[in-house]
Amino acid sequence: MTLLVICQNKEPQPWVDALMKIDSRLDIRIWPDEGEPNDITFALVWQHPHGVLQRYPNLKTVSSMGAGVDHILQDPQLPSGLKLVRIIDPGLVDDMFDYLSMAVASYRHHQHRYFNYQASGRWSPDAPLKKSALTIGVMGLGQLGEVVASRFAAQNFKVVGWSTSEKNIPQVTAFVGESQQKEFFNRTNILINLLPLTDATRSILNAVNLSQLKKPAYLINVGRGQHLVEDDLRHLLESEKLSGACLDVFSEEPLSVDHWFWRHPQIKVTPHVSSLTQPDRVAPQIVQNYQQTFLGLPLLNQVDLNRGY
Ligand code: NDP
Ligand code: OXD
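Here's what I pulled together on the structure shown here. (Residues numbered from 1 in each chain as written. Chains lettered and ligands numbered in written order. Predicted model: local features only at pLDDT ≥ 70, side-chain atom pairs only at ≥ 80, totals over all residues. Heavy atoms only, no water.)

### Remarks on the site of ligand 2
- Looking at ligand 2, the residues that line it are W46, G66, A67, G68, R224, H272, S275 and T277.
- In the model, an oxygen atom of ligand 2 is placed 2.8 Å from a nitrogen or oxygen of the A67 main chain.
- Here an oxygen atom of ligand 2 sits 2.7 Å away from a polar atom, N or O, in the side chain of H272.
- Relative to its unbound accessible surface of 210 Å², ligand 2 loses 91% to contact with the protein.
- Among the residues forming the shell around ligand 2, the class breakdown is two nonpolar, five polar and one charged. (Near = heavy atom within 4 Å. Polar contact = N/O pair within 3.5 Å; in protein donor to acceptor, adjacent residues only side chain to side chain. Areas by Shrake-Rupley, 256 points an atom, 1.4 Å probe, with all protein chains shown as cover. Nonpolar A, V, L, I, M, F, W, Y, C, P; charged D, E, K, R; others polar.)

### Here we look at the site of ligand 1
- Neighbouring ligand 1 are 29 residues, the closest being R86, L141, S165, K167 and Y309.
- One of the backbone nitrogen or oxygen atoms of G223 is found 3.3 Å away from an oxygen atom of ligand 1.
- At a separation of 3.0 Å, a nitrogen atom of ligand 1 approaches a polar side-chain atom of D248.
- Summarising the interface, the protein chains cover 92% of the accessible area of ligand 1, which totals 930 Å² for the free molecule.
- A per-class count over the shell around ligand 1 returns 12 nonpolar, 12 polar and five charged.

### Things to note about the pairing of strand β6 (residues 135-139)
- Of all five residues that make up β6, five are buried, and the element is covered over most of its length.
- Burial along β6 is two-sided: the face carrying T135, G137 and M139 and the face carrying I136 and V138 are both buried.
- With five bridges connecting them, β6 and strand β7 (residues 158-163) associate as parallel partners. The residue bridging T135 from the neighbouring strand is K158, located in β7.
- After leaving β6, the chain enters helix α5 (residues 145-154) and then returns to the sheet as β7, a path that is right-handed.
- Two elements, β6 and strand β9 (residues 190-193), share four bridges in a ladder whose sense is parallel. Across the sheet, G137 pairs through a bridge with L191, a residue of β9. (Buried < 20%, exposed > 50% of the residue type's maximum accessible area, 1.4 Å probe, protein only. Helix = DSSP H or I, 4+ residues; strand = E, 2+ residues; numbered from the N terminus. Pairing = 2+ DSSP bridges. Right-handed = clockwise from strand over helix to strand, strands pointing away.)

### Concerning the side chain of H110
- Residue placement: H110 occurs in the loop between α3 (90-108) and α4 (111-118).
- Not counting the four nearest positions on each side in its chain, H110 is found in contact with D126, A127, P128 and L129. (Contact = heavy atoms within 4.5 Å.)

Right, here's the structure in full:
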């Protein structure tokens, strides 16, 4: 029984070290040096090359290295009958809220503009946008979105949220499903996307939906790049329907050096860092799932394959 780490765009060694600290007897291998394929029963993956999981006939459980599992479910050759688990970690929520607070404060205080003025030594002060005049809309009220919405509400922002099922979050007006989607957008100035990527949410950040935001409108995308229709964003910025965007996730990661996002004066780019999973923090839940797989016991944070998140 062996745990295989398969990752692209992340270093595998810190994960191996963190897992070995929990149990030094673990048999861990790093793809592509997996040894005998029959040994592999558990895979810990991030953006694995599609098709590779088919090589392991005894593979039972696949764990994402992060909160999202879209990178696993997008594999057209994903073997059937696998169990899929993801990371749920209170530390992720804290980091995510800090990042989002920074993005919201930076928008309210015109930081994009001042950074652009700095190049030409331009002194042109403006009052910050008033908190009381801005409503934050959180799309996705799950492990991350619910806490984020509550914390912004506790900071005296008006907050609305949107999800599939009904929520009761103090001081947050929650909208549900497609029938209330338009109302949610109509009430929102600063849109925070914390949805998982599924067939239902792909391209949801499009011209029709984003045009429904209340002005001034600003987009913060920390969900997934494929939620956003990139050309629509360009047109919305040009037509001043959106004042700007802060983007942490992209359809292609790493974002290519010649992508127009890097040079657009109203776009801030960060390299998928709004809340990074720390191997040491989450190794215990991964080792527990590895052991429970062996014992045939229920797993932590198992993903519903029908819902896709
Ligand atoms: P959860 O699965 O806990 O929550 C997802 C939320 O989205 C739920 O509230 C769910 O509704 C809602 N939702 C799903 N589909 C729809 C839909 N079609 N319409 C309306 N609402 C919908 O996820 P997390 O909070 O843990 O994470 C959310 C996403 O954030 C991840 O999938 C990942 O893509 C991204 N992420 C990004 C990170 C980064 O560093 N940039 C770090 C971590 C996560 P309901 O509650 O009713 O089921
Ligand atoms: C993610 C993560 O799912 O980094 O994006 O956890």
